Amino acid sequence: MNIAIDVTPLNDNRLLSHKVRGTGFYIQNLKKSLLEFFPENNYQFFTREDKLEKNSETVHYPYFEPFFLTLPFSKKLKTVVTVHDLTPLVFPEHFPSGIKGKIKWQIQKQNLLRSDRIITDSESSKKDITKFTGYPEKKIDVVYLAAGDEFRKFKIEDLRLKKNDIKLKYNLPEKFVLYVGDVTWNKNLPRLIKAVSKTDIPLVMVGKALAEKNYDRSNPWNSDLLLTQELISKNPNIKVLGFIPTDDLVSIYNSASIFVMPSLYEGFGLPILEAMQSGCPVITTKEGSLEEVAGNAAYYVDAKNTDSISDGISEVFENSKLQNELSAKGIEQAKKFSWKKTATETIRAYDKALKE
């Protein structure tokens, strides 16, 4: 097959600001995996300014936002689009679009409806796409993501040294709960911080947005970031690291007693797989796609109940036997996801698009 794949977010920092997380991670790993496992195909990794090769048969747009014009207006080739999730449309009261956003969504929706296949990260997101766009369910392929290969559980002989190194580098407590991710309403961070504040357990938070200083405080999309930062400032037991290199993140997952992701909604929840693959016990919720990802390998809490989150953290934090059980289950659960599998199912989606 001759496949053109839009990699614009990897080369344009202005576009969606996804280079260091989310879509950027997906595009980088998809590119690497397709070249590694399906080298027989001809790939053109293009940006918006490039002309497509004349022999191109299908084009893949691996990023989509409802309120940004990410899709072309004309369609000349068989087209596949990746829609990770439509969370802003599921909860419009927490992600107001404004008049311009509403207009762009109508344009995006019409352009999306012209595509030959849609790839999405979960069955939960598949249902949302059908509900909000009317796109035929039979033309949507659920292709799960995977953690990067660098996420792993350290061997016993390496663990103590690396844990000491990372704790010295970032001045981390001896035992702590870990959060890794963004700061939007669906992440449920104000409840997480209130839950942790009911205990004496330290919380370490990793994520670029957490450390942001220059942002629009009047934008309702940033209301949880503002509240989260205010709550953090009142609790000396919470440490914010902001963005950190991947190698350090692997060490921090290995050093944490628990990873917690108490989201109100997720289209996938990649940090859960990163934590599990690193042997870190996971606490999460059953909202959105999270149960699809975590299976029976996580300790589940009620996303809307602060006491449930607090009690869950305390129970797992104080129970080493439970931590070991969750760690072992998590490592097995993470094995169900791989970039080879993601690449294989993506190629299948291209093939279906060509045959339709």
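Scroll up a little and you will see the structure.
Reading guide: rules and limits
- Residues numbered from 1 in each chain as written.
- Predicted model: local features only at pLDDT ≥ 70, side-chain atom pairs only at ≥ 80, totals over all residues.
- Heavy atoms only, no water.
- Pairing = 2+ DSSP bridges.
- Helix = DSSP H or I, 4+ residues; strand = E, 2+ residues; numbered from the N terminus.
- Phe/Tyr/Trp six-rings, centres within 6.5 Å; stacked < 30°, edge-to-face > 60°.
- Buried < 20%, exposed > 50% of the residue type's maximum accessible area, 1.4 Å probe, protein only.
- Core = buried A, V, L, I, M, F, W, Y, C linked by side-chain atoms within 4.5 Å.
- Contact = heavy atoms within 4.5 Å.

The subject of this paragraph is the sheet that holds strand E10 (residues 258-261). Here we have six strands laid out as an open sheet, ordered E9-E8-E7-E10-E11-E12, and parallel in their pairing. Here the strands that pair on one side only, and so sit at the sheet edges, are strand E9 (238-242) and strand E12 (299-300). Relative to E12, strand E11 (residues 282-284) runs parallel, the two sharing two bridges. The residue of E12 that forms the bridge with isoleucine 283 is tyrosine 299.

It is worth spelling out the packing of aromatic side chains at this point. Per the stated rule, a full pass over the model turns up 13 aromatic pairs. Ring plane angle 75 degrees and centroid distance 5.2 Å describe the contact between phenylalanine 91 and tyrosine 265, whose orientation is recorded as edge-to-face. Of this pair, phenylalanine 91 sits in the loop between helix H3 (87-90) and helix H4 (98-113) while tyrosine 265 sits in the loop between E10 and helix H10 (270-277), and the two are 174 residues apart along the sequence. Classification of phenylalanine 91 by relative accessible area gives buried; the value is 16%. Aromatic pair phenylalanine 95 and tryptophan 221: ring centres 5.1 Å apart, planes at 80 degrees, arrangement edge-to-face.

To continue, consider the nonpolar core. If you look at the biggest cluster of nonpolar residues, it comprises 59 residues, and the most contacted ones within it are Leu178, Ile252, Phe259 and Ile272. Sort the elements by how many residues they give to this core and helix H14 (residues 339-355) lands first, with six residues. Leaving out residues up to four positions away in the same chain, isoleucine 272 has contacts with Phe259, Met261, Val282, Thr284, Leu290, Val293 and Ala294. Val177, Ala209, Tyr215 and Ile238 belong to the second largest nonpolar core, which has 28 residues in total.

Read these as layout, nothing more, since geometry by itself doesn't imply function.
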